[in-house]
Amino acid sequence: MNTATQVSPTTRAAAISASGLRKSYGDKVVLDGIDLRIPEGTIFALLGPNGAGKTTTVEILSTLITADSGQARIAGHDVTSDADSVRRRIGVTGQFAAVDGLLTAEENLLLMADLHHLSKREGRRRAAELLERFELTEAARKNVATFSGGMRRKLDLAMTLVGRPRIIFLDEPTTGLDPRSRRVMWELIRNLVTDQGVTIFLTTQYLDEADQLADRIAVLDHGKLVAEGTADELKRTIPGGHVRLRFADEAHLATAAGFFGTAARDDESLTLRIPGDGTLADLRAVLDVLDSTGIQAESLTVHTPDLDDVFLTLTGRQNAPTHPNPQKESAR
Amino acid sequence: MSAATATAPATRTRSYALRDSMTMLRRNLRHMQRYPSMTISIVTMPILMLLLFVYVFGGALGTGIGAGADRGDYVNYVVPGIILMSATSGAVATAVSVCTDMTEGIINRFRTMSISRGSVLTGHVLGSVIQVTAVLTLVMGVSLAIGFRPDASPVEWIAACGLLVFLAFGLAWLSAAMGMGAKTVEAASNAPLPLTFLPFLGSAVVTPDSMPAGLRWFAEYQPFTPINETLRGLLLGTPIGNDGWIALAWCTALSLAGYLWSRAVFNREVTR
């Protein structure tokens with residue numbers, strides 16, 4: 001951790017700020033007034049279903065398109081009036097791999113080095129270093145057309161890093177990747193922030209990705225931000241936390257139900273759901289009751305609301321992005 | 001870095017325009033070198049046409065260009081036209097490669113980088129000119145091998161090459177605009193086809209005098225006829241007259257129109 005990260009995130013200078021961003025295509029309102037403030041050296045995740053306006057937000061902030069109204073500043077530079085200064089500070093890895101499929105991995109990186117006006121020597125050094133860091137050295141001389149999705153994505157990110165951007169936009173960086181490649185990408189992204197203190201603006205439709213990576217998360221739905229905060233803050237805003245006790249038979253269940261007044265009882269699965277916030281004190285209270293009454297519980301699980309719950313509650317939709325296990329329970 | 005970049009960004013970008021264009025040119029040349037199928041197809045087409053016109057039609061067509069003319073004379077007549085056709089066939093390759101770039105993610109990467117905006121296009125246009133020059137050299141080599149006998153002086157050779165490069169440059173801008181405007185690569189490869197066909201509706205393979213009135217009028221006034229006649233004059237010593245100036249005017253007009261059209265499409269695509 002460098003010294004910058006010691007400062008509280010809220011007092012740090014804003015790497016990205018936006019107010020009242022609006023964008024429509026014809027009658028279709030894609031962004032309906034977006035306000036953002038993302039401090040330097042943090043990871044910000046913009047979470048939302050397909051078509052929520054995530055990519056449009058990235059396109060505006062990365063100078064690809066202009067907003068109909070509103071303002072956005074990147075490292076203090078206006079994205080419309082001072083686009084070139086913005087471009088010099090950002091790196092963008094889009095939803096679809098922006099690599100040159102007719103070149104090799106190394107040539108792609110050298111192309112970026114040339115476009116960043118690095119000297120030949122510096123360019124070669126930088127390319128070699130990135131190939132090494134992204135474990136692409138072996139494939140360096142291979143044509144990108146032969147690369148797997150995960151390798152293309154890694155190269156894509158490596159190309160973004162050639163110019164040492166201070167602010168990086170990642171538009172759905174792991175969409176379509178297998179679980180292992182996703183973890184590799186996550187690790188690379190996390191290291192960028194811890195090692196180099198860059199700011200990352202990430203869009204994702206995966207709740208666990210936002211949960212894993214982001215310091216702050218904003219939920220975008222129908223072009224509006226419907227919630228913003230840390231993963232924990234968001235989870236706290238919605239109900240659903242509980243301790244679940246399972247018993248051997250109905251007799252035990254009935255006895256226990258008598259002692260936990262607020263619990264919801266499920267005779268079929270022989271469980272009791274005791275509402276709570278999942279804190280240690282909460283859990284201890286449950287255990288104390290069990291101890292003092294001598295009731296034997298077969299198992300105990302703690303359920304904290306995860307971002308899926310948040311997402312479903314906030315966007316009011318059941319067709320939220322799939323999660324392998326929406327009612328994720330964590331045994332403690 | 002901030003101290004250096006504080007000095008007027010516009011000047012800075014302009015000073016890198018040449019360097020960025022050269023980087024893009026190297027990229028396009030590498031594409032051509034690695035995937036030569038496009039270059040091969042645009043070089044085989046005119047050579048096949050040349051052989052077809054000389055050996056299949058040449059005996060019959062030769063008599064049409066003048067009394068007592070034979071296949072040998074016809075080679076001299078048709079080669080400048082085939083050369084022009086080779087110059088136009090490069091347009092298809094340019095449109096396809098520009099369109100491929102525009103429909104793939106890499107263009108968005110370039111657009112978010114602090115590089116000279118036009119360098120993507122300049123790279124394609126210069127690449128196209130080099131590609132066409134290579135094709136023309138090959139076609140000229142084959143022409144000489146099958147009996148083309150130009151009588152041009154070194155100055156005339158230089159003038160002929162200059163005219164062809166100028167034409168290739170104009171066509172490259174025009175086809176770059178076509179490539180950008182096309183939604184798919186297939187559409188991009190079809191868009192410049194009329195251009196490759198145009199020399200035939202002029203003085204490329206037969207004299208316009210032998211055509212019906214309406215077509216003859218078109219053949220005499222379309223851009224490729226004066227260019228063709230100028231080329232023929234430079235290489236073989238036939239009279240050029242006003243055609244030289246008209247040819248230059250057409251090349252200038254093609255370049256200017258192609259450039260302005262490209263720029264307009266490029267800017268429209270950027271702001272969407």
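No experiment lies behind these values; they were computed from the predicted model shown.

## Section: the overall build of chain B
Okay, so step 1: The helix and strand tally for chain B stands at 12 helices and zero strands.
Okay, so step 2: Sequence-ordered secondary structure for chain B, helices as α and strands as β, is α-α-α-α-α-α-α-α-α-α-α-α.
Okay, so step 3: Relative to the globule expectation of 19 Å for 272 residues, the C-alpha radius of gyration of chain B, 20 Å, shows essentially globular dimensions.
Okay, so step 4: Over its C-alpha atoms, taken along the principal directions, chain B stretches across nearly 75 × 35 × 35 Å.
Okay, so step 5: Counting all 272 residues of chain B, 50% fall into the buried class.
Okay, so step 6: Pairs at least 24 apart in sequence give 77% of the contacts found in chain B among residues at least 6 apart.
Okay, so step 7: As presented, chain B carries roughly 12100 Å² of accessible surface, and 69% of it is formed by carbon and sulfur atoms.
Okay, so step 8: Of the side-chain charges in chain B, 18 are positive and 13 negative, and the distance between the mean point of each set is 18 Å.

## Some points on the pairing of strand β4 (residues 69–74) of chain A
Residue and element names in this part refer to chain A.
Okay, so step 1: With five bridges connecting them, strand β1 (residues 14–25) and β4 associate as antiparallel partners. When the sheet's bridge partners are listed, A18 is paired in β4 with A72.
Okay, so step 2: With two bridges joining them, β4 and strand β5 (residues 77–78) adopt antiparallel strand pairing. By the bridge assignment, I74 is partnered in β5 with H77.
Okay, so step 3: From the end of β4 to the start of β5, which pair antiparallel, there are two residues, and A75 there has a positive phi angle of about 50°.

## Side note on the nonpolar core
Okay, so step 1: Counting residues in hydrophobic clusters, the biggest one holds 68 residues, and the most contacted among them are A:L109, A:L155, A:I200 and B:F110.
Okay, so step 2: By residue number, the principal contributor to this core is helix α3 (residues 105–115) of chain A, which donates seven residues.
Okay, so step 3: Not counting the four nearest positions on each side in its chain, A:L109 is found in contact with A:A127, A:L130, A:L131, A:L155, A:A158, A:M159 and A:V162.
Okay, so step 4: Core analysis: the next-biggest nonpolar cluster, separate from the first, contains 49 residues, B:M140, B:L171, B:M178 and B:L198 among them.

## Description of the pattern of salt bridges
Okay, so step 1: In the structure shown here, the tally under the stated rule is 20 salt bridges over all chains.
Okay, so step 2: Through salt bridges with shared partners, a single network forms among A:R22, A:D32 and A:K224.

## Quick word on helix α4 (residues 71–103) of chain B
In an α-helix, one turn spans 3.6 residues; hence positions three or four apart end up facing the same way.
Okay, so step 1: The terminal C-alpha atoms of α4(B) lie 47 Å apart, and with 33 residues this matches the ideal 48 Å at 1.5 Å per residue to within 8%.
Okay, so step 2: At B:V78, α4(B) shows its maximal bend, which comes to roughly 35°, and the proline B:P80 appears one to four places after that position.

## Describing the sheet that holds strand β2 (residues 28–39) of chain A
Okay, so step 1: On the basis of which strands lie adjacent, the open sheet formed by four strands has the order β2-β1-β4-β5 (chain A) and antiparallel pairing. In this open sheet, the two edge strands, each paired with only one partner strand, are β2 and β5 of chain A.

## What to know about the packing of helix α7 (residues 154–181) of chain B against helix α11 (residues 224–236) of chain B
Residue and element names in this part refer to chain B.
Okay, so step 1: Where α7 contacts α11, the axes come no closer than 8 Å and their chain directions differ by 155°. For the element pair α7 / α11, the angle class is roughly antiparallel. When the axes of α7 and α11 are compared, the crossing they make is left-handed. Across the interface between the two elements, E156, W157, A159, A160, L163, L164, L167 and L171 from α7 touch F224, I227, T230, L231, G233, L234 and L235 from α11.
Okay, so step 2: Residues that form the contact of α7 with α11 fall into these classes: 12 nonpolar, two polar and one charged.

## Overview of the sheet that holds strand β3 (residues 43–47) of chain A
All names here are of chain A.
Okay, so step 1: One open sheet holds the six strands; their spatial order is β6-β7-β8-β3-β9-β10, and the pairing between them is mixed. Of all strands in the sheet, those bounded by a partner on one side alone are β6 (90–93) and β10 (224–229). Each neighbouring strand pair of the sheet contributes to a mean axis angle of 15°, computed without reference to strand direction.
Okay, so step 2: Taken together, the four bridges between β6 and strand β7 (residues 167–171) define a ladder with parallel strand orientation. Bridged to I90 within β7 is I167.

## Thoughts on unusual backbone geometry
All names here are of chain A.
Okay, so step 1: Unusually for a residue other than glycine, H222 sits at a positive phi of about 50°.
Okay, so step 2: Secondary-structure assignment places H222 in the loop between β9 (216–221) and β10.
Okay, so step 3: The class for H222 is exposed, based on a relative accessible area of 59%.
Okay, so step 4: Of note, the phi angle at L270 is positive, near 55°, even though the residue is not glycine.

## Brief notes about the pairing of β10(A)
Okay, so step 1: Judged from the five bridges that link them, β9(A) and β10(A) form a sheet pairing that is antiparallel. Pairing of A:L220 across the sheet is with A:L225, part of β10(A).

## Digging into the interface of chain B and chain A
Okay, so step 1: Tallying the contact residues gives 29 residues for chain B and 33 residues for chain A.
Okay, so step 2: Summed over both partners, the interface of chain B with chain A buries about 2900 Å², with 53% contributed by carbon and sulfur atoms.
Okay, so step 3: Put simply, chain B and chain A have five salt bridges between them.
Okay, so step 4: Residues A:D156 and B:R109 are paired through a salt bridge, measuring 2.2 Å at the closest nitrogen-oxygen approach.
Okay, so step 5: Our enumeration of links across chain B and chain A arrives at 12 residue pairs in polar contact (both at pLDDT 80 or more).
Okay, so step 6: For the side of chain B that touches chain A, the elements supplying multiple residues, two or more each, are α2 (9–34) and α5 (106–111) of chain B.
Okay, so step 7: Partitioned by chemical class, the residues of the side of chain B that touches chain A number 10 nonpolar, eight polar and 11 charged.

## Considering the domain arrangement of chain A
Okay, so step 1: Domain boundaries assigned for chain A yield domain 1 (10–236) and domain 2 (240–304).
Okay, so step 2: Computed from C-alpha coordinates alone, the two centres of domain 1 of chain A and domain 2 of chain A are separated by 44 Å.

## Let's talk about the packing of α4(B) against helix α6 (residues 119–145) of chain B
Residue and element names in this part refer to chain B.
Okay, so step 1: The geometry of α4 relative to α6 is characterised by a closest axis approach of 9 Å and an angle of 150° between their N-to-C directions. With respect to each other, α4 and α6 are oriented roughly antiparallel. Handedness of the crossing formed by α4 with α6: right-handed. For the pair α4 and α6, contact is made by V79, I82, I83, S86, A87, G90, A93, T94, S97, V98, D101 and M102 and by V120, L121, H124, S128, Q131, V132, V135, L136, V139, M140 and S143, respectively.
Okay, so step 2: Its residues assigned to classes, the contact of α4 with α6 comprises 14 nonpolar, eight polar and one charged.

Thresholds applied
- Residues numbered from 1 in each chain as written.
- Chains lettered and ligands numbered in written order.
- Predicted model: local features only at pLDDT ≥ 70, side-chain atom pairs only at ≥ 80, totals over all residues.
- Heavy atoms only, no water.
- Helix = DSSP H or I, 4+ residues; strand = E, 2+ residues; numbered from the N terminus.
- Rg over C-alpha atoms; globule rule 2.2 N^0.38 Å.
- Buried < 20%, exposed > 50% of the residue type's maximum accessible area, 1.4 Å probe, protein only.
- Contact = heavy atoms within 4.5 Å.
- Areas by Shrake-Rupley, 256 points an atom, 1.4 Å probe, with all protein chains shown as cover.
- Lys, Arg positive; Asp, Glu negative; His and termini not counted.
- Charge placed at Lys NZ, Arg CZ, Asp CG, Glu CD.
- Pairing = 2+ DSSP bridges.
- Core = buried A, V, L, I, M, F, W, Y, C linked by side-chain atoms within 4.5 Å.
- Salt bridge = Lys/Arg side-chain N within 4 Å of Asp/Glu carboxyl O.
- Expected span 1.5 Å × (residues − 1).
- Bend = angle between axes of the 7 residues up to and from the residue.
- Axes fitted to C-alpha atoms, helices over the stretch in contact; angles between N-to-C directions.
- Parallel < 35°, antiparallel > 145°, perpendicular 65-115°, else oblique.
- Left-handed = near helix turned anticlockwise from the far one by under 90°.
- Nonpolar A, V, L, I, M, F, W, Y, C, P; charged D, E, K, R; others polar.
- Buried area = accessible area lost by both parts, 1.4 Å probe.
- Polar contact = N/O pair within 3.5 Å; in protein donor to acceptor, adjacent residues only side chain to side chain.
- Domains from an automatic or database assignment.

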